[in-house]
Structures are given as structure tokens and as C-alpha cells.
Amino acid sequence: DAGITQSPRHKVTETGTPVTLRCHQTENHRYMYWYRQDPGHGLRLIHYSYGVKDTDKGEVSDGYSVSRSKTEDFLLTLESATSSQTSVYFCAMKEGVAYGYTFGSGTRLTVV
Amino acid sequence: AQKITQTQPGMFVQEKEAVTLDCTYDTSDPSYGLFWYKQPSSGEMIFLIYQGSYDQQNATEGRYSLNFQKARKSANLVISASQLGDSAMYFCAMREGRGTSYDKVIFGPGTSLSVIP
């Protein structure tokens, strides 16, 4: 009954290929976020969205783009994957002021 | 510049003892929120506790409490009566820009907690 799901859960891709990760929510929340998690860095914000077609960059946005054509879907695209983009990617949605974010289960991406 | 600092990469605590995980933050936004998340080895992110910058009292949720010292810009997590299931990574996070187009949460690097039987 998760309100937010990510796909795929695991992916291996080759350097130089484009990759799209999908985040889908069923809660009609306005705000959605993409993070990457790497050892020693915690979670770093890549891009976020504050509404349909309203997106902005986070702290590590180079090499990534996003799209949000409808409330429930937030797509993250690696335009030309590099080995430095090997990471675990988390999508999140904002539940409310005092409830933090609800996270998806994560996508483990390996770029070879 | 690092906005969330967690100076303890790893911590050990004896089962049933209390433990404090440190977090300091930096912001110029007068309205902000502080969070703690737990990430067990299974990988999911679990929300634990929230403290708003205008809240007068420290937040508590069961065995978790947040020691909020606004002037020092610290938001330490206290876990009482540690259990083996508390072994996990713990992330401190801060939210700025509430309700604006830049409403976002940033995370610290995390502290790995190991509970010893």
C-alpha cells in the first residue's frame, strides 16, 4: 500500500547511454524530490518539483534532467550515464509540514 | 557549504542504554524544520521525529527525543533504552523555504549506530 513507488529497483547500464528512472505517487502531493545516496555523503538533492511542470535544481544536478507532466509521475533522466552516477537513487514526496518526506524504496543504478 | 553536520561517523551503544547522536545545522531562514531519519540495512528511509524552529518544546516520539538548542543550532537525537533493532544509519535533515518554490530538505552525512547486546 506504498503511496510512492520507484521503478526499476535495480538497473545496470553502460557508460554513455541515457537512463530514465520513474517515481510514481498516488497521494496527489505537490512536492516531489530526487536524491542520490553515496557513502559518506548522506542523501544529496538532485532535482525537485513543486508542481506540474515546475522543477528546480538541487545541489548535484549536473548530468541529470527531470520532467513532471502530471502530478503523480516524476521522472529522472541521466542524459549520458557515467560511472560517477553509480548510486542509489531515492524519490520522495512531501506529506505535510511536520511529517517529513515519504521515500520510495530506492533504485540501485550501476553504470559500467 | 555544508549545512548539516554530523560529526560522529560511527557510534556504539550497549543495549538498554541511552545514546545521543549529534547534529548541527546552518540556516538564515527564520522558519525551518529539523528531522531525523533512520535507515536500516534493508535500505528504506524511516521518518523518526520532527522539530519546528518555532516549537517551544523539544519533540518526543516514543523512545526518540530531539534535544533542540536553537542558539547553538543543534538538534541532537536521543534514543532511550536502545534496542538491537536500533542498529542503523541515522540522518539529520533540515527543511528550508516552507511552502515556497524552494521548499526542500537537505541531509547530513549520517551516523552509523551499532547496538551491542
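Residues numbered from 1 in each chain as written. Chains lettered and ligands numbered in written order. Predicted model: local features only at pLDDT ≥ 70, side-chain atom pairs only at ≥ 80, totals over all residues. Heavy atoms only, no water.

S.K.: Mind showing me how you'd approach the overall build of chain A here?
M.R.: Across its full length, chain A holds zero helices and 11 strands. For chain A, the succession of helices and strands along the chain, N to C, is β-β-β-β-β-β-β-β-β-β-β. Against the 2.2 N^0.38 benchmark of 13 Å for 112 residues, chain A shows a C-alpha radius of gyration of 13 Å, consistent with a compact globule. For chain A, the spread of C-alpha atoms along the principal axes amounts to about 40 × 30 × 25 Å. (Helix = DSSP H or I, 4+ residues; strand = E, 2+ residues; numbered from the N terminus. Rg over C-alpha atoms; globule rule 2.2 N^0.38 Å.)

S.K.: Explain the environment of Gln83 of chain B here, please?
M.R.: Residues and elements named next belong to chain B. Topologically, Gln83 is positioned in the loop between strand E9 (74–79) and strand E10 (88–96). In this structure the C-alpha to C-alpha distance between Gln83 and Val13, which are 70 residues apart in sequence, comes to 9.4 Å. A polar side-chain atom of Gln83 sits 3.5 Å from a polar atom in the side chain of Arg63. (Polar contact = N/O pair within 3.5 Å; in protein donor to acceptor, adjacent residues only side chain to side chain.)

S.K.: Looking at this structure, how should I read the interface of chain B and chain A?
M.R.: A common way to state how big an interface is: give the accessible area lost once the parts meet. In this complex, chain B contributes 21 residues to the contact, which on the side of chain A involves 21 residues. With both sides pooled, the region where chain B packs onto chain A buries about 1,700 Å², and carbon together with sulfur makes up 58% of that total. For the pair chain B and chain A, the number of links is zero salt bridges. Here chain B is connected to chain A by four residue pairs in polar contact (both at pLDDT 80 or more). At the level of elements, strand E5 (33–39), strand E6 (46–52), E10 and strand E11 (104–107) of chain B are the ones that each hand at least two residues to the side of chain B that touches chain A. Looking at the side of chain B that touches chain A, the element that brings in the most residues is E11 of chain B, giving four residues. Each residue belonging to the side of chain B that touches chain A can be placed in one class, and the counts come to 11 nonpolar, six polar and four charged. (Contact = heavy atoms within 4.5 Å. Buried area = accessible area lost by both parts, 1.4 Å probe. Salt bridge = Lys/Arg side-chain N within 4 Å of Asp/Glu carboxyl O. Nonpolar A, V, L, I, M, F, W, Y, C, P; charged D, E, K, R; others polar.)

S.K.: Help me understand the side chain of Gln39 of chain B, please; the structure alone is not making it clear to me.
M.R.: One can find Gln39 of chain B in strand E5. Accessibility expressed as a relative area gives 8% for Gln39 of chain B, which makes it buried. A distance of 2.9 Å separates a polar side-chain atom of Gln39 of chain B from the backbone oxygen of Gly43 of chain B. Setting aside its immediate chain neighbours within four residues, Gln39 of chain B contacts Gln37 and Phe90 of chain A together with Glu44, Met45, Ala88, Met89 and Phe91 of chain B. (Buried < 20%, exposed > 50% of the residue type's maximum accessible area, 1.4 Å probe, protein only.)

S.K.: Explain the state of the cysteines here, please?
M.R.: Chemically, a disulfide is nothing more than a covalent bond linking the sulfur atoms of two cysteines. One pass over the full model with this rule turns up two disulfides over all chains. In this model Cys23 of chain A forms its disulfide with Cys91 of chain A; the gap between the sulfur atoms is 1.8 Å. Given an S-S torsion of about -75 degrees, the disulfide between Cys23 of chain A and Cys91 of chain A has left-handed geometry. Residue Cys23 of chain A is found in strand E3 (residues 19–25), and its partner Cys91 of chain A is found in strand E9 (residues 87–94); the two are separated by 68 residues along the sequence. Under the relative-accessibility criterion, Cys91 of chain A is labelled buried at 0%. Bridging Cys23 of chain B to Cys92 of chain B, the disulfide has an S-S length of 1.9 Å. (Disulfide = S-S within 2.5 Å.)

Functional significance is not addressed by these values, which are geometric in nature.
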